[in-house]
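# Chain and residue survey
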Amino acid sequence: MRLNKTLKIIKENTQLKVGCMMLVILFLAALLAPVIAPHNPNILSDDMVVAPNMKYWLGTDGLGRDILSMILYGARTSLVVGFTAAMIAGIIGTLLGGFAGYFGGRIDGVIGEMINIFMMMPTFFLILIVVALFGSGLFNVMVVIGLTTWVGNAKLMRAQAMSLRQRTFIKSAESIGESRMAILFKHIIPNGIFPIIANTTMGVAGAILTESSLAFLGLGDPNVISWGQIIQNGKSYLVDGWWMCVFAGLAIIFTVITFYLIGDGLNRVLSPKLRNLGKEVRG
């Protein structure tokens, strides 16, 4: 029953439906990369800077590697980084925002100041500094992106918690002696998590863009294939080998649009006001 209800919700929302279809394509490309990639993306050949043709559908780079195969394997890197970093940011933001909004007082003051500090900081440059200091391994990249992008989720969860703590069912739980920690994790967070789900989905796109930017600047993990790394290697051949940057850039655009469509679709489905507005427009 739940699966049928989920499929019905997806079908009724055009953005969510298109986004889910695009996400399926991405997952299949990443999962089946070893099967559908025409060449080994790490093997060098004498066919350097070859334009797209029947043998190399998207051409080759300056080292003779197949661009299509690199893009397929790069999808794995992007999805792993995107989901891991967004999950870290989602968990941190949910916990801090929940504590701040529900407990209030000094806890809210301290966490509020933390949020203000992170909002004033140039996040991308902070990420650059941390990666430069601690190394550009994939794990470091994922963690530092997650630890610097939790602010939006925290603000959303704080607002939800401040609203929920005034509700009757929360007051009833407090009156019967239920602990505040139990109320936070059993009632506040589960009932206020929906905007965070939508925002975290959009955060996947932001994390993928950040990782691609780091790789383009030469601060990505050199041991993994990344779309940003493909563009970084191809910028020297932009005049004679435009396909290196263009196709990797299109892959990034496709992925970012995918998660923005899903995030906006989830926001419309999970938000009663937007859901009712959509029904009025269709009506």
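Residues numbered from 1 in each chain as written. Predicted model: local features only at pLDDT ≥ 70, side-chain atom pairs only at ≥ 80, totals over all residues. Heavy atoms only, no water.

## A look at helix 12 (residues 227–234)
Among the eight residues of helix 12, six are classified as buried, and the element is accordingly described as predominantly covered. Among all positions in helix 12, only W227, G228, Q229, I230, I231 and G234 are buried. Elements in contact with the buried residues of helix 12: helix 2 (14–31), helix 4 (67–103), helix 11 (194–216) and helix 13 (243–270). One side-chain oxygen at the N-terminal end of helix 12 lies 3.3 Å from the backbone nitrogen of G228; it belongs to S226. (Buried < 20%, exposed > 50% of the residue type's maximum accessible area, 1.4 Å probe, protein only. Helix = DSSP H or I, 4+ residues; strand = E, 2+ residues; numbered from the N terminus. Contact = heavy atoms within 4.5 Å. Polar contact = N/O pair within 3.5 Å; in protein donor to acceptor, adjacent residues only side chain to side chain.)

## Remarks on the confidence of the model for the protein chain
Low-confidence regions, as indicated by low pLDDT, have predicted coordinates that should not be scrutinised in detail. Here the protein chain averages 87 in pLDDT, and 92% of its residues register 70 or above. For the protein chain, per-element mean pLDDT is lowest for helix 14 (residues 272–282), which scores 48, and highest for helix 4, which scores 94. (pLDDT = per-residue confidence, 0-100.)

## A few points about the side chain of T94
Within the secondary structure, T94 sits in helix 4. Once residues within four sequence positions are removed from consideration, T94 is found in contact with M157, I189, I193 and I196.

## Details of the layout of surface pockets
Here the second largest pocket defines a volume of roughly 150 Å³. Every residue lining the second largest pocket is listed: I25, L26, A29, L68, I71, L72, A75, W227, A251, F254 and T255. Taken together, the elements giving at least two residues each to the lining of the second largest pocket come down to helix 2, helix 4 and helix 13. If you tally residues by element for the lining of the second largest pocket, the top one is helix 4, at four residues. Along the lines of polarity and charge, the residues of the lining of the second largest pocket split into ten nonpolar, one polar and no charged. (1 Å grid on protein atoms, 1.4 Å probe; cavity = no way out; pocket = protein on both sides within 12 Å on 5 of 7 lines; lining within 4 Å. Points joined across faces, edges and corners; volume = space filled by probe spheres on them. Nonpolar A, V, L, I, M, F, W, Y, C, P; charged D, E, K, R; others polar.)

## Quick notes on the packing of aromatic side chains
Tallying each qualifying case throughout the model produces nine aromatic pairs. Taking the centre distance of 5.6 Å and the plane angle of 80 degrees together, the rings of F83 and F259 count as edge-to-face. Here F259 lies in helix 13 and F83 lies in helix 4, a separation of 176 residues in the sequence. Judged by its relative accessible area of 33%, F83 is partly exposed. Clustering of aromatic rings is evident, with ring pairs tying together F99, Y102, F103 and F185. Taking the ring centre of Y102 as reference, the NZ or CZ of R180 above it sits at 4.9 Å. (Phe/Tyr/Trp six-rings, centres within 6.5 Å; stacked < 30°, edge-to-face > 60°. Lys NZ or Arg CZ within 6 Å of the ring centre and 35° of its normal.)

## Side note on unusual backbone geometry
Phi is positive for V49, which is not a glycine, with a value near 50 degrees. Owing to a relative accessible area of 25%, V49 belongs among the partly exposed residues under this scheme.

## Some points on the packing of helix 4 against helix 13
In contact at an axis separation of 11 Å, helix 4 and helix 13 are set at 35 degrees when each is read in the N-to-C sense. In this structure, helix 4 meets helix 13 at a crossing whose hand is right-handed. In contact with I67, I71, L79 and F83 of helix 4, helix 13 contributes W243, M244, F247, A248, A251 and F259. Here the contact of helix 4 with helix 13 is built from residues that sort into ten nonpolar, no polar and no charged. (Axes fitted to C-alpha atoms, helices over the stretch in contact; angles between N-to-C directions. Left-handed = near helix turned anticlockwise from the far one by under 90°.)

## Remarks on the pattern of salt bridges
The final tally for this structure, using the stated rule, is four salt bridges. In this structure, K186 and E178 form a salt bridge, with 3.1 Å as the shortest nitrogen-oxygen distance. When its relative accessible area of 53% is taken as the criterion, K186 is described as exposed. Judged by relative accessible area, E178 falls into the partly exposed class, the value being 22%. (Salt bridge = Lys/Arg side-chain N within 4 Å of Asp/Glu carboxyl O.)

## Re the nonpolar core
One broad rule of soluble globular proteins: the nonpolar side chains tend to lie buried together. Ranked by size, the top nonpolar core spans 35 residues in total, and within it I67, I71, L72, W227, I230 and F259 carry the most contacts. Of all the elements in the fold, those that place two or more residues in this core are helix 2, helix 4, helix 11, helix 12 and helix 13. Here this core gets eleven residues from one element, more than from any other, and that element is helix 13. If near-sequence neighbours (up to four positions away) are discounted, L72 is found in contact with A29, A30, A33, I36 and A37. (Core = buried A, V, L, I, M, F, W, Y, C linked by side-chain atoms within 4.5 Å.)

## Concerning the packing of helix 2 against helix 4
In a pair of packed helices, the angle between the axes and the distance between the axes together describe the arrangement. Close contact between helix 2 and helix 4 brings their axes to 7 Å; oriented N to C, the two are set at 115 degrees. Crossing geometry of helix 2 relative to helix 4 is assigned as left-handed. On helix 4, the residues that touch L26, F27, A29, A30 and L31 of helix 2 are L72, A75, R76, L79 and F83. Looking at side-chain class alone, the contact of helix 2 with helix 4 contains nine nonpolar, no polar and one charged residues.

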